[in-house]
Amino acid sequence: MNLEIDQDSLTAEIEELAAISEADPPVVTRIVFSPTDLKARAWLIARCEKARLAVRQDAIGNIFARWEGSEPNAPAVGTGSHIDAIPNAGKYDGVVGVLGGLEAIRSLQRCGFRPKQSIELLMFTSEEPTRFGIGCLGSRLLSGTMTPDAARKLVDKEDASLEEVRRKAGFVEPLEDVELGSVYYKAFVELHIEQGPLLEQRKIPLGIVTSIAAPASFRFSIEGAGGHAGAVLMPERRDALCAASELILAIEDAAKASGAIDTVATVGICNVFPGAVNSIPSRVSLTLDIRDTDLARRDTVMRAIEAARDAIATKRYVSIGEELVNADAPSQCAPEVVEALGQACAKHHFASMKMVSRAYHDSLFMSRIAPVAMLFVPCFKGYSHRPDEFASPEDIARGALVLAETLASLAS
Ligand SMILES: [Zn+2]
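Residues numbered from 1 in each chain as written. Predicted model: local features only at pLDDT ≥ 70, side-chain atom pairs only at ≥ 80, totals over all residues. Heavy atoms only, no water.

> Would you mind showing me how to read the overall build of the protein chain here?
On a plain count of helices and strands, the protein chain comes out with 12 helices and 18 strands. Relative to the 2.2 N^0.38 estimate, which gives 22 Å for 412 residues, the radius of gyration of the protein chain is 24 Å and therefore close to what a compact globule would have. Taking the principal axes of the C-alpha coordinates as reference, the protein chain spans close to 85 × 45 × 40 Å. The contacts of the protein chain with a sequence gap of at least 6 include a subset with a gap of at least 24, amounting to 79%. Here the protein chain displays about 17,300 Å² of accessible surface, and carbon together with sulfur accounts for 54% of that area. (Helix = DSSP H or I, 4+ residues; strand = E, 2+ residues; numbered from the N terminus. Rg over C-alpha atoms; globule rule 2.2 N^0.38 Å. Contact = heavy atoms within 4.5 Å. Areas by Shrake-Rupley, 256 points an atom, 1.4 Å probe, with all protein chains shown as cover.)

In structure tokens form, the structure reads like this:
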């Protein structure tokens, strides 16, 4: 099999898709189900049909482009990513996995490969949370991680419901039809830019993802007692901001004490009430984002934070409320898919390294229903979600080649 990626046409397609944007070049903005997003979808479907793939779309707008195998009823081998882009984004996040996946399939077609299992390219709806406040809508529904009822409750900033918006975009079937079940895919592989600096720093062209970290987010509200900054003496105070400060440091300590480099915890928002120079803070709200590759470890850290929360509340005579905003479980990649990627790299004498995906992707949710792994290619300084996001045509083509080799081995 003499696999070859058509680097020039892949690069040209990435540029063409980037031009379908709500903002002027080089900025890419494509919000799910906007006219621009619908135009980009139509463009992608035309490319897939040109490659003689059978295209279907489900009720949430996930696109499946299928190359039928000689055993059409056997579980398929999937690949793909997303093409929606947050405001003021770049050309490569998600797109590399979709167009790289398409080129990988075409390269297999060109060299006469015949898949046993069908190979399916996926474009997931709304990986980005921009419009409905929650990311990976398409893959959450596909994998049954989100129920149709929960999806029906989603509204965008203009108060339009997901139901309304998707129907207007032409997706009218019931959301209940979206879930695929765990026998649909034999394996799923996602090609993606790293969105971090490690590959570039180490001059290694390919990263094989062995686990995908996932966040849990919480809101804390601390209630103390306000009062005049001059009149209330120190022994009498129940200062909510002082308590919040202790809690923030306890969160940092707990994350550091986990003993794992993969545990990270961040307080990104701190709102102080009433927020006056001469008034003791009576109320503070904090957000916590905590991430790990290991769910049990993340839970242990969370329990340590909660023990500190209770101790601080008692010591400072304040009440500290805690609310879970959202929690997704991290995922380990499937050894057999990781192995297939490693062998594909070795076959072409490409150096690779095993790594953790610190951002989450559609693959996190696909891992609930299929053996999954991801392949990363370097990106300039690790920049992502900004207009100067860049991955070189050579690096992308190398990723597509390894993807093609991996799809061939999984579908044989
Ligand atoms: Zn992405």
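> Is there a simple way to explain the coordination of the zinc ion in this structure?
Geometrically, a metal with four donors at the corners of a regular tetrahedron has ideal angles of 109.5 degrees, and one with six donors at the corners of a regular octahedron has ideal angles of 90 or 180 degrees. Donor atoms from the polypeptide that bind the zinc ion are His 82 (NE2), Asp 93 (OD) and His 192 (NE2), placed at 2.0 to 2.3 Å. Spacing between the donor residues of the zinc ion along the chain follows H-x10-D-x98-H. Taken together, the residues span a long stretch of sequence, with His 82 in strand 4 (residues 76–82) and Asp 93 in the loop between strand 5 (85–89) and helix 3 (95–110) at a distance of 11 residues. Accessibility classification places His 82 together with Asp 93 in one group, the buried group. (Donors = N, O, S within 2.8 Å, 3.2 Å for Na, K, Ca; no water. Buried < 20%, exposed > 50% of the residue type's maximum accessible area, 1.4 Å probe, protein only.)

> Where do I start with helix 3 in this structure?
Because an α-helix completes one turn every 3.6 residues, residues spaced three or four positions apart along the sequence face the same direction. Taking 1.5 Å per residue as the helical rise, helix 3 with its 16 residues ought to reach 22 Å, and the 22 Å between its terminal C-alpha atoms agrees with that figure. A large share of helix 3 lies buried, amounting to 15 of its 16 residues. After helix 3 finishes, the residue Gly 112 shows a positive phi value of roughly 85 degrees. (Expected span 1.5 Å × (residues − 1).)

> Explain the packing of aromatic side chains to me, please; I cannot follow it from the model alone.
How two aromatic rings sit relative to each other is set out by the distance from centre to centre and by the angle between their planes. Considering all chains together, one arrives at 8 aromatic pairs under this definition. On the basis of an interplanar angle of 85 degrees and a centroid distance of 5.9 Å, the ring pair of Tyr 92 and Phe 390 is categorised as edge-to-face. Taken as a pair, Tyr 92 in the loop between strand 5 and helix 3 and Phe 390 in the loop between strand 18 (372–377) and helix 12 (393–410) lie far apart in primary sequence, 298 residues in all. For Phe 390, a relative accessible area of 37% translates into the label partly exposed. (Phe/Tyr/Trp six-rings, centres within 6.5 Å; stacked < 30°, edge-to-face > 60°.)

> For this particular structure, what's the right way to read the layout of surface pockets?
Over the atoms, a rolled probe matching the size of one water molecule traces out where space is still vacant. When its volume is computed, the largest pocket comes out at roughly 550 Å³. Pro 129, Gly 135, Pro 215, Arg 291 and Tyr 360 are, among the 25 residues lining the largest pocket, the residues nearest its centre. When contributions to the lining of the largest pocket are tallied by element, the ones reaching two or more residues are strand 9 (214–223), strand 14 (283–292) and strand 15 (319–327). No other element matches the 3 residues that strand 9 contributes to the lining of the largest pocket. Across the lining of the largest pocket, the residue classes break down as 7 nonpolar, 10 polar and 8 charged. Quantified by volume, the second largest pocket comes out at close to 210 Å³. Lining the second largest pocket are Ser 217, Phe 218, Arg 219, Ile 269, Thr 287, Leu 288, Asp 289 and Val 325. Among the elements of the structure, strand 9 and strand 14 are those that each provide at least two residues to the lining of the second largest pocket. Split by residue class, the lining of the second largest pocket holds 4 nonpolar, 2 polar and 2 charged. (1 Å grid on protein atoms, 1.4 Å probe; cavity = no way out; pocket = protein on both sides within 12 Å on 5 of 7 lines; lining within 4 Å. Points joined across faces, edges and corners; volume = space filled by probe spheres on them. Nonpolar A, V, L, I, M, F, W, Y, C, P; charged D, E, K, R; others polar.)

> Honestly, unusual backbone geometry in this entry has me stumped. Any pointers?
Trans peptide bonds make up most of the peptide bonds, and negative phi angles are found at most residues other than glycine. Note the cis peptide between Pro 25 and Pro 26, where omega equals 5 degrees. Within the secondary structure, Pro 26 is located in the loop between helix 1 (7–18) and strand 1 (28–30). With omega at 0 degrees, the peptide bond leading from Phe 273 into Pro 274 counts as cis. Inspection of the secondary structure assignment puts Pro 274 in the loop between strand 12 (270–273) and strand 13 (279–280).

> I keep staring at the pairing of strand 4 and nothing clicks. Help me out?
The two faces of a sheet get side chains in turn, since along a regular strand they alternate between them. Of all 7 residues in strand 4, 7 are buried; the element is thus mostly enclosed. Residue alternation in strand 4 divides its side chains into two sets, Ala 76, Gly 78, Gly 80 and His 82 and Val 77, Thr 79 and Ser 81, and both sets are buried. By the bridge criterion, 4 bridges tie strand 4 to strand 7 (residues 185–193) in an arrangement that is parallel. Looking across to strand 7, one finds that Gly 78 is bridged to Phe 188. With 6 bridges joining them, strand 4 and strand 6 (residues 119–124) adopt parallel strand pairing. Paired with Gly 78 across the two strands is Glu 120, which belongs to strand 6. (Pairing = 2+ DSSP bridges.)

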